[in-house]
There are 2 protein chains.
Amino acid sequence: MKLSTRARYGTRALLDLALHYKSGPVLLKDVARRQRISLSYLQHLIAPMVAEGIVGSIRGVRGGVWLAKPPEEINLGYIIGLLEGSLAPAECVDNPETCSRSGACATQDVWGEIKEAIDTVLESMTLQDLVERQKNKSHEEITYQI
Amino acid sequence: MKLSTRARYGTRALLDLALHYKSGPVLLKDVARRQRISLSYLQHLIAPMVAEGIVGSIRGVRGGVWLAKPPEEINLGYIIGLLEGSLAPAECVDNPETCSRSGACATQDVWGEIKEAIDTVLESMTLQDLVERQKNKSHEEITYQI
DNA sequence: GATTAATTGACTAATAAAGTCATGTATTAT
DNA sequence: ATAATACATGACTTTATTAGTCAATTAATC
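**Student:** Give me the side chain of B:Thr107: which residues, what numbers.
**Tutor:** With respect to the helices, strands and loops of the structure, B:Thr107 is situated in helix H6 (residues 106–123). The exposure class assigned to B:Thr107 is buried, which follows from its relative accessible area of 3%. Residues within four places of B:Thr107 in sequence aside, it is in contact with A:Thr11, A:Arg12, A:Leu15 and A:Leu130.

**Student:** Tell me about the protein's contact with DNA strand D, residues and numbers included.
**Tutor:** Close to DNA strand D lie 26 residues, the nearest being A:Thr5, A:Ser38, A:Arg59, B:His44 and B:Ser57. Backbone atoms, meaning sugar and phosphate, make up 69% of the atoms of DNA strand D lying within 4 Å of the protein. In the model, a base oxygen of DNA strand D is placed 2.6 Å from a nitrogen or oxygen of the B:His44 side chain. Note that a sugar or linking oxygen of DNA strand D is positioned 3.4 Å from one of the backbone N or O atoms of B:Gly60. Residues belonging to the surface near DNA strand D are distributed by class as follows: ten nonpolar, eleven polar and five charged.

**Student:** Provide a residue-level description of the pattern of salt bridges, including the pertinent values.
**Tutor:** Following the criterion strictly, the structure yields twelve salt bridges over all chains and no others. One salt bridge in this structure joins A:Asp94 and A:Lys115, with 2.7 Å as the shortest N-O distance. Here A:Asp94, found in helix H5 (residues 91–94), pairs with A:Lys115, found in helix H6 (residues 106–123); they are 21 residues apart in sequence, far enough to count as distant. A:Lys115 sits in the buried class, given a relative accessible area of 16%. One salt bridge connects B:Lys137 with A:Asp109, and the closest N-O pair in it is separated by 3.2 Å. One end of the pair, B:Lys137, is in helix H7 (residues 127–145); the other, A:Asp109, is in helix H6, on a second chain. Since its relative accessible area comes to 16%, B:Lys137 is described here as buried. If you follow the salt bridges from partner to partner, you end up with A:Asp109, A:Glu113, B:Arg133 and B:Lys137 in one network.

The rules behind the values
Starting afresh in each chain, residues are numbered from 1 along the sequence in its written order. Working convention: letters from A go to chains and numbers from 1 go to ligands, in the order in which they are written. For this predicted model, a pLDDT threshold of at least 70 governs which residues receive local features, and a threshold of 80 or more governs which side-chain atom pairs are given and counted, while totals over whole chains, interfaces and linings are taken from all residues. With hydrogens and water excluded, all non-hydrogen atoms of the structure serve as input to the side-chain values. Secondary structure follows DSSP: runs of H or I at least 4 residues long count as helices, runs of E at least 2 residues long count as strands, and numbering of each begins at the N terminus. Burial classification: accessible surface area is computed with a 1.4 Å probe over protein chains only, and a residue below 20% of its type maximum counts as buried, one above 50% as exposed, and the rest as partly exposed. Here, two residues are considered to be in contact whenever any of their heavy atoms come within 4.5 Å of each other. Whether a residue is near a molecule or strand depends on its heavy atoms: it is near if one of them lies within 4 Å of it. Within 3.5 Å is the distance limit for a polar contact, defined as a pair of N or O atoms, with the added protein rule that one can donate a hydrogen and the other accept it, and that residues adjacent in sequence qualify only through two side-chain atoms. Charged means Asp, Glu, Lys or Arg here, nonpolar means Ala, Val, Leu, Ile, Met, Phe, Trp, Tyr, Cys or Pro, and polar covers whatever is left, Gly included. The working definition used for a salt bridge is a side-chain nitrogen of Lys or Arg within 4 Å of a carboxyl oxygen of Asp or Glu.

Written out as structure tokens, the structure is:
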């Protein structure tokens with residue numbers, strides 16, 4: 001039950017943008033390099049975010065992309081929702097009608113509880129929280145090197 | 001991020017066996033029919049459980065399979081572990097060394113928290129809990145039909 | 001108008017999951 | 001014994017999804 005690379009790469013890309021929040025446009029190429037994601041793939045991941053308006057973009061020289069909302073207002077549940085859709089571990093959780101056993105199947109309840117648990121974690125965390133964690137980690141790295 | 005059918009079918013099959021706990025061998029064919037799983041597929045799902053010893057089996061006429069441990073002693077985390085392995089949403093959670101960014105990546109923490117949340121749900125529930133839920137549901141169904 | 005950089009669409013490759021089929025082995029009943 | 005039954009195992013096929021690439025387009029700046 002793995003998260004898709006869309007969700008993982010996309011989240012990393014947004015974190016990268018959050019770390020450069022309010023520093024003007026950032027080249028997608030640079031995000032790709034820093035996050036070790038191929039540029040062509042990243043372009044496809046970022047598109048829905050631009051469409052959604054949480055990422056701003058401008059083309060051409062001195063163009064680039066940037067986070068269009070404050071990182072503390074973007075929670076991870078929303079991001080993952082955009083990138084991957086629902087994290088229900090079984091189809092029947094979101095669409096009970098797709099399974100004839102629905103309503104008479106105890107396992108469905110469990111899958112529902114799992115979804116809830118995942119969503120709780122993701123909704124309780126914002127990009128800003130990630131930024132702070134990330135800064136702590138980078139700092140530790142530097143400290144340890146000395 | 002869907003659970004595999006292995007995990008879902010396997011859990012349903014074990015719940016079926018739990019509902020017939022201490023009633024002697026049950027035909028795999030009957031489990032397959034009740035749970036709407038193809039017999040040949042179910043045979044492959046049940047094999048690791050037999051190997052693990054939580055399902056007993058005997059071949060031949062009057063043979064069958066049965067739950068070899070009390071349902072209240074089997075928690076779902078263990079079952080899913082057998083059927084599908086770890087529910088870590090990213091490889092780096094279980095094997096940090098597979099990602100060069102490990103230790104310097106804040107997203108890894110989030111995936112780790114998700115895994116914990118899932119495991120907490122699964123480990124807090126036993127097959128016996130499922131049996132009770134299932135019996136309530138079946139009862140409701142009958143009641144509503146009247 | 002040349003250059004840069006995001007946008008979009010079509011396409012391919014890789015991987016894993018799902019499922020089937022055939023064969024083998026153990027057990028029981030007659 | 002042997003026929004019937006039912007689990008066990010391995011090889012294989014199919015299907016679906018994800019991941020990723022490539023090429024062409026559009027918009028902005030110098």
